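Per-entry structural report
Given next are the chains, with one letter for each unit.
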Amino acid sequence: MADFVKAGGLGDVSSALPRALAAHHDVRVLIPGYPQILDAGHALRRVGHLPTHAAIPACDIGELTCEDGLVIYVLLCPELYEREGTPYGNGHAAYSTGGGDGWEDNDIRFARLSLAAAEIATGRAGLAWQPDLMHLNDWTCGLAPAYLHWRGEDVPTIFTIHNLAYQGLFDHDCLERLGIPADAFHIEDVEYYGKLSFMKAGIVHATHVTTVSATYAREITTPEYGCGLEGLLACKAEQGKLSGIPNGIDDSWDPRTDAHLVQAFSANDWRGKRANADHVRKRFGLAPGQGPLFAIVSRLVHQKGIDLTLEAAASIVWAGGSWCASAAATPRSKPRSPSWRSASPARSASSSAMTSTRRAASLPAATSS
């Protein structure tokens, strides 16, 4: 959740969407108790408790209220969440499961989050509040609708896919420690090529599945973009249970008042825009220029269209423009120092770090209403 910590665009959605819905619904957000949240200076009071389940440890639930009145439930489990790094691992892990720089116990960490959501939804957390609907985001919350199903509970759930490529895959021997029934490990449920898939669990058991655009909703039903789940998603689409809803635009940022800018500017203030562009060029060691400056802030992965950017970079530079990139990369995704750098090093630069009225509950990992 961008108010406190984020590892990608899901953090922005998890911050903006509950506030957009709050005008009409009682929306509350559930998020793990990462250090950035606990150290943010908000008053936090314990309001609930969840017991151990299989190897998933017990935890408390804290409650804090943002300045604008948005209520956040914080999952307090120091052994799982109070660690330095990103929400997914040490270093620069983004959306990782385990291995590499992802935490090795991410199965336990996000099963705890999913189970907490399910227990809050069924009134088992000791809170004086219970949602009518749960909105769950990406693989980290994928087990929540599955836990509801395995317990025979009927709470409506919406599961949103932001990036199908990150599926939360774990070895099948984790089923027992996550309290997952052995008979759920088959192709019609949580099994994915011999592994447990948190993402598939969410898709199978959610009342409705959404994704970030109508185009992406169609694309993920094809072999090219379906990441091995295209058959399941095509069935959901045929049943009317898959929809694309475009992400909205958060208009809270105003360059006329942003104190972080070198010089504030308005829509037609080209002098202010030029001052900020010159500052970026200087920070990246680029030569001064009068042409346009193009910038990328992204993870260097194929889904972000980095290959298309690299193809266009040389043309931008030769036409008199400049471009820079500030990105997190893995050893597999970090681009070689190719044609775009040799085209004009003075106008190309990159900085990469090597290695998310009705009552609604929302998990940014989860959201509830």
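None of the values given here were measured: they were computed from a predicted structure.

What counts, and where the lines are drawn
- Residues numbered from 1 in each chain as written.
- Predicted model: local features only at pLDDT ≥ 70, side-chain atom pairs only at ≥ 80, totals over all residues.
- Heavy atoms only, no water.
- Helix = DSSP H or I, 4+ residues; strand = E, 2+ residues; numbered from the N terminus.
- Buried < 20%, exposed > 50% of the residue type's maximum accessible area, 1.4 Å probe, protein only.
- Salt bridge = Lys/Arg side-chain N within 4 Å of Asp/Glu carboxyl O.
- Expected span 1.5 Å × (residues − 1).
- Phe/Tyr/Trp six-rings, centres within 6.5 Å; stacked < 30°, edge-to-face > 60°.
- Lys NZ or Arg CZ within 6 Å of the ring centre and 35° of its normal.
- Axes fitted to C-alpha atoms, helices over the stretch in contact; angles between N-to-C directions.
- Parallel < 35°, antiparallel > 145°, perpendicular 65-115°, else oblique.
- Left-handed = near helix turned anticlockwise from the far one by under 90°.
- Contact = heavy atoms within 4.5 Å.
- Pairing = 2+ DSSP bridges.
- Core = buried A, V, L, I, M, F, W, Y, C linked by side-chain atoms within 4.5 Å.
- pLDDT = per-residue confidence, 0-100.

Turning next to the overall build of the protein chain. Of the regular secondary structure elements, the protein chain holds 11 helices and 16 strands. Counting the 369 residues in the protein chain, one finds 48% classified as buried.

Under the criterion given, the structure shown has 13 salt bridges. Close ionic contact of aspartate 26 with arginine 28 constitutes a salt bridge, the shortest N to O distance being 3.2 Å. Aspartate 107 is paired through a salt bridge with arginine 177; the nearest N and O atoms lie 2.8 Å apart. Here arginine 177 lies in the loop between strand E7 (169-171) and strand E8 (191-192) and aspartate 107 lies in helix H4 (residues 106-121), a separation of 70 residues in the sequence. Accessibility expressed as a relative area gives 3% for aspartate 107, which makes it buried. One salt-bridge network, in which partners are shared between bridges, spans Asp3, Arg19 and Asp68.

Here we take up helix H1 (residues 9-21). End to end, H1 covers 18 Å across 13 residues, agreeing with the expected 18 Å (1.5 Å per residue, within 8%). For H1, every residue scored as buried is listed here: Leu10, Gly11, Val13, Ser14, Ser15 and Pro18.

The next point concerns the packing of aromatic side chains. Throughout the structure, instances matching the rule amount to 10 aromatic pairs. With a centroid separation of 5.0 Å and 55° between ring planes, the pair formed by phenylalanine 170 and phenylalanine 198 is classed as tilted. Residue phenylalanine 170 is found in strand E7, and its partner phenylalanine 198 is found in helix H6 (residues 198-205); the two are separated by 28 residues along the sequence. The pair formed by phenylalanine 170 and phenylalanine 198 is uniform in burial state, with each residue classed as buried. A cation over a ring is seen here: lysine 273 above tryptophan 270, with NZ or CZ 4.2 Å from the ring centre.

Running from N to C, H4 and helix H5 (residues 143-150) point in directions that differ by 55°, and their axes come no closer than 8 Å. Judged by the inter-axis angle, H4 sits oblique to H5. Every pair of crossing elements has a handedness; the one defined by H4 and H5 is right-handed. The segment H4 lies against H5, with Ala111, Ser114, Leu115, Ala117 and Ala118 engaging Leu143, Ala144, Tyr147 and Leu148.

With respect to topology, 3 strands assemble into an open sheet ordered E7-E9-E8, the strand pairing being antiparallel. Looking along the sheet, the strands with just one partner apiece sit at the ends: E7 and E8. Relative to strand E9 (residues 195-197), E8 is paired through 2 bridges, and the arrangement is antiparallel. Counted as the bridge partner of glutamate 191 is leucine 196 from E9.

With 13 residues, helix H10 (residues 306-318) extends 19 Å from end C-alpha to end C-alpha; this agrees with the ideal 18 Å at 1.5 Å per step. For H10, the set of buried residues is Ile306, Ala313, Ala314 and Val317. The positive-phi residue at the C-terminal boundary of H10 is glycine 320, with phi of around 105°.

The biggest cluster of nonpolar side chains holds 76 residues, and the ones touching the most others in it are Ile72, Ile161 and Leu178. Of all the elements, H4 adds the most residues to this core, at 10 residues. Beyond its immediate stretch of four places on either side in the chain, isoleucine 72 contacts Met1, Phe4, Val29, Ile31, Gly62, Glu63, Leu64 and Cys66. Ranked by size, the runner-up nonpolar core spans 5 residues in total, among them Ile296, Ala313, Val317 and Trp323.

Across the protein chain, the average pLDDT comes to 86, with 86% of residues at or above 70. Counting contacts from residues 335-340, a segment whose pLDDT is below 50, to residues more than four positions away or on other chains yields 9 contacts. Considering only residues more than four positions removed or in separate chains, one finds that residues 352-359, a stretch of pLDDT under 50, has 44 contacts.

Its place among the elements puts alanine 125 in the loop between H4 and strand E5 (133-137). Taking the relative accessible area as the measure of exposure, alanine 125 reaches 3% and is therefore buried. In this structure the C-alpha to C-alpha distance between alanine 125 and isoleucine 61, which are 64 residues apart in sequence, comes to 8.1 Å. Other than its neighbours up to four places away in sequence, alanine 125 contacts Gly48, His49, Leu50, Ile61, Glu119 and Ile120.

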